[in-house]
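Residues per chain are reported as follows:
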Amino acid sequence: MWVAGRIVPVRPCWVNLVSGSIRSVFPYNARMDEGALNTPTEDAAVLRQQSDEVYMRHALALAQQTAVAGEVPVGAVVVKDGEIVGRGFNAPISRHDPSAHAEIAALRDAALRIGNYRLVGCELFVTLEPCVMCVGAMFHARIARVVFGAQDYKTGAAGSVLDLFAQPQLNHHATIQGGVLADECGKTLTDFFAMRRAQKKAQ
């Protein structure tokens, strides 16, 4: 990927959806090249967008692989100080766990690696707008910023159906940013459901 005049590699993470293990060719301390983000002539908003897209592509790589196992393709990563510290993918079917959403898995992974259930100062990137359960977990973890790709008009809790981020009664709030690589994230989902419909017709 081209970022601020430099090439930043974005490589996939291979996941075992049965055991839940993740084997990554991009290490957990993967981070944006700080030198690529320190160009003074670049606008800060443009730099933020570019870095958001880099991390979202990591989440997309996870999402695209989950489809192979028949899971709805959603992927998520947690970022702390520019480093990916947690990864997750959708796996409620293979794990027989209704809570096994990509965001929950990424939060658990990050909490174990950091050694604290409070993920203060962390950002979470997910390919699909989070649901009520996942937003609640993010608030409990004290995630500072949430970035999602495609909107979810059935269960989205970041503005599409509900907007928990705008509820003043809640004691914690996070910054929310939607629509990052929305077309690519959405296509991953639509392609998956089209394939599943075709398989059902062929039976």
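**Q** Could you clarify how one ought to interpret the pattern of salt bridges in this entry?
**A** Close approach of charged atoms allows side chains of opposite charge to pair. The final tally for this structure, using the stated rule, is five salt bridges. Put simply, Glu184 and Arg57 hold a salt bridge, and the shortest N to O gap is 2.7 Å. Placement of the pair is Glu184 in helix α5 (residues 182–202) and Arg57 in helix α1 (residues 44–66), with a sequence separation of 127 residues. The class for Arg57 is partly exposed, based on a relative accessible area of 25%. A single salt-bridge network, built from bridges that share partners, covers Asp52, Glu123 and Arg145.

**Q** What exactly am I supposed to notice about the nonpolar core here?
**A** Note on soluble globular proteins: their nonpolar side chains tend to be buried together. Counting 44 residues, the largest nonpolar core has Val78, Leu107, Leu119, Leu124 and Ile143 as its most contacted members. Elements with a contribution of two residues or more to this core: α1, β5 (75–80), β6 (83–89), α3 (102–114), β7 (122–128), α4 (132–141), β8 (145–150) and α5. At six residues, the largest contribution of residues to this core is made by α3.

**Q** I'm lost on the packing of aromatic side chains in this one. Help?
**A** Between two aromatic rings, the relevant description is the distance of the centres plus the angle of the planes. Following the criterion strictly, the structure yields three aromatic pairs and no others. Where Tyr55 meets Phe125, the ring centres are 5.3 Å apart and the plane angle is 45 degrees; that geometry is what we call tilted. Of this pair, Tyr55 sits in helix α1 while Phe125 sits in strand β7; the two residues are 70 residues apart in sequence, bridging distant segments of the chain. A relative accessible area of 5% means that Tyr55 is categorised as buried. For Phe125, a relative accessible area of 0% corresponds to the buried category. Consider the rings of Phe192 and Phe193, whose centres lie 5.2 Å apart with planes at 75 degrees: the pair is edge-to-face. According to the relative accessible area criterion, Phe192 is buried, its value standing at 4%. Looking at Phe193, the relative accessible area reads 29%, which means it is partly exposed.

Conventions adopted
- Residues numbered from 1 in each chain as written.
- Predicted model: local features only at pLDDT ≥ 70, side-chain atom pairs only at ≥ 80, totals over all residues.
- Heavy atoms only, no water.
- Salt bridge = Lys/Arg side-chain N within 4 Å of Asp/Glu carboxyl O.
- Helix = DSSP H or I, 4+ residues; strand = E, 2+ residues; numbered from the N terminus.
- Buried < 20%, exposed > 50% of the residue type's maximum accessible area, 1.4 Å probe, protein only.
- Core = buried A, V, L, I, M, F, W, Y, C linked by side-chain atoms within 4.5 Å.
- Phe/Tyr/Trp six-rings, centres within 6.5 Å; stacked < 30°, edge-to-face > 60°.

Note that all results are geometric; they support no functional claim without further evidence.
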